[in-house]
Amino acid sequence: MGYGTEMDGCGNFMKYCLFFMNFIIFIGGSVVAGLAIWALVDNVPWIGELIGSNLLTGAVYILLIGGIVVAFIAFCGCVGASREIKCMLLTYLIIVFFLFVTMLVGGTLGYVYREKVTDSVEKEMKGSLRLYDHQKSVREAWDITQTTLHCCGVHGWADWGTNGLRIPQSCCRPIQPGQYYSCNSGVDVNPTTIYTDGCLTKTQNFMQKHAAILGGAGIAVACFMFFGMVFSCALFKMIE
């Protein structure tokens, strides 16, 4: 197997279709990797700790690794298509098949999680709230969630007192960057010093948004990869 000979019009059409499809896949893989990095930077893992589920976090890492590898393989596919190298096309086809499965699984996990996120979130958040003073990871997850989403407690700041806990500093509104009201004593609790919205609804919306975007992007790239496999098979058979 090596360089192909001159092909007819149909072969050239397949070659350029594969090249164009791989270019789209390259862009898509880069976008998926970028979205996964955005999700990690936007504290998805910490909120996963808060609600007792790492399913979305796992999907994010799958899509991050898959997106990077897909972009690289798509670049190789562009070279293989333009130069009509049969061995490169065959290697590309095999690798893309496994990547197709990876992206499809990661995308499906993220998209399905969009529907599952409301099932047991309230119960898990109430359970983790009671562990605030006992587990560092839970404490950090609550502090990051409350600071990021501008919320306090599950349904409101009173949840902390109900469970015999002081209101965390992360519930307090900022006076200016780096300086916050002292609201954890519970004495001056009012809308000007503390976040009054509960974190339950905001957390659900946050997770659903990220899951829908990541899942949709992963599934879309997987669809393009499927057509890429079809075109690469056709081109492989046409090369003498």
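This is a predicted model, so every value here is computed, not measured.

Colleague: What am I meant to see in the side chain of aspartate 159 here?
Modeller: Its location among the elements puts aspartate 159 in helix H7 (residues 158-162). Despite its burial, aspartate 159 remains without a salt bridge, the nearest opposite charge being carried by lysine 126 at 6.8 Å. At a separation of 2.8 Å, a polar atom in the side chain of aspartate 159 contacts the main-chain amide nitrogen of valine 154. Setting aside residues no more than four positions away along its own chain, aspartate 159 makes contact with Leu129, Gly153 and Val154.

Colleague: In this structure, what is going on with helix H5 (residues 121-129)? I would like to understand it.
Modeller: What sets the pattern is the α-helix's 3.6 residues per turn: residues three or four places apart point alike. Along H5, the residues classified as buried are Val121, Met125, Ser128 and Leu129. The buried residues of H5 occupy one face: seen down the axis, they fall within an arc of 105 degrees.

Colleague: What is the right way to look at the state of the cysteines in this model?
Modeller: Covalent bonding between the sulfur atoms of two cysteines is what defines a disulfide. Following the criterion strictly, the structure yields two disulfides and no others. Two residues, cysteine 151 and cysteine 199, share a disulfide whose sulfurs are 2.1 Å apart. Its S-S torsion of about 100 degrees marks the bond between cysteine 151 and cysteine 199 as right-handed, since a negative value means left-handed. Of this pair, cysteine 151 sits in the loop between helix H6 (136-149) and H7 while cysteine 199 sits in helix H8 (residues 199-238), and the two are 48 residues apart along the sequence. Each member of the pair, cysteine 151 as well as cysteine 199, is classed as buried. Here cysteine 152 pairs with cysteine 171 through a disulfide, and the sulfurs are 2.1 Å apart. On the sign convention where negative is left-handed, the bridge of cysteine 152 and cysteine 171, at about 90 degrees about the S-S bond, is right-handed. A residue pair is termed long-range when its members are at least 10 positions apart, and cysteine 152 in the loop between H6 and H7 and cysteine 171 in the loop between H7 and strand E1 (174-176) qualify at 19 residues. As far as burial versus exposure is concerned, cysteine 152 and cysteine 171 are alike and both buried.

Colleague: Would you mind going over the packing of H5 against H8 with me for this structure?
Modeller: Axis angle and axis distance: for two packed helices, these are the angle between their axes and the distance between the axes, and together they describe the pair. At a closest axis distance of 10 Å, the pairing of H5 and H8 adopts a crossing angle of 120 degrees. Accordingly, the angle class assigned to the pair H5 and H8 is oblique. You can see that H5 and H8 cross each other, and the crossing is right-handed. On H8, the residues that touch Val121, Glu122 and Met125 of H5 are Cys199, Leu200, Thr203 and Gln204.

Colleague: Would you explain the packing of aromatic side chains in this entry?
Modeller: Aromatic ring pairs are described here by two measures, namely the spacing of the ring centres and the angle between the planes. Under the definition given, this model contains five aromatic pairs. Aromatic side chains phenylalanine 100 and phenylalanine 226 sit 6.3 Å apart centroid to centroid with 40 degrees between the ring planes, which places their arrangement in the tilted category. Of the two residues, phenylalanine 100 is situated in helix H4 (residues 86-116) and phenylalanine 226 in helix H8; the sequence distance between them amounts to 126 residues. For phenylalanine 100, a relative accessible area of 17% translates into the label buried. A relative accessible area of 42% means that phenylalanine 226 is categorised as partly exposed.

Reading guide: rules and limits
- Starting afresh in each chain, residues are numbered from 1 along the sequence in its written order.
- Local features in this predicted model are restricted to residues whose pLDDT is 70 or higher, and side-chain atom pairs enter the listing and the counts only when it is 80 or higher, whereas totals over whole chains, interfaces and linings include all residues.
- Excluding hydrogens and water, the side-chain figures rest on all heavy atoms present in the structure.
- Where helices and strands are cited, they refer to DSSP runs of H or I of at least four residues and of E of at least two residues respectively, numbered from the N terminus.
- Buried means the residue's accessible area, taken with a 1.4 Å probe over protein chains only, is under 20% of the maximum for its type, while exposed means over 50%, and partly exposed covers the values in between.
- When charges are counted, Lys and Arg contribute as positive and Asp and Glu as negative, whereas His and the chain ends are disregarded.
- When a carboxyl oxygen of Asp or Glu lies within 4 Å of a side-chain nitrogen of Lys or Arg, that pair is called a salt bridge.
- What qualifies as a polar contact is a pair of N or O atoms within 3.5 Å, subject to a donor-acceptor requirement within protein and to the restriction that residues adjacent in sequence count only when both atoms come from side chains.
- Should any heavy atoms of two residues lie within 4.5 Å, those residues are considered in contact.
- In this context, the arc is that of the directions from the helix axis out to the C-beta atoms.
- Disulfides are defined as pairs of cysteine sulfur atoms found within 2.5 Å of each other.
- Only C-alpha atoms enter the line fits that serve as axes; for helices the fit covers just the stretch in contact. Angles between N-to-C directions range over 0 to 180 degrees.
- The cut-offs work like this: below 35 degrees is roughly parallel, past 145 is roughly antiparallel, 65 to 115 is roughly perpendicular, and the gaps in between are oblique.
- In this scheme, a crossing is called left-handed if the near helix is turned counterclockwise away from the far one by less than a right angle; it is called right-handed if the turn is clockwise.
- Classification of ring pairs uses Phe, Tyr and Trp, with its six-membered ring standing for Trp, and accepts pairs whose centres are within 6.5 Å; under 30 degrees between planes counts as stacked, over 60 as edge-to-face, and the remaining range as tilted.

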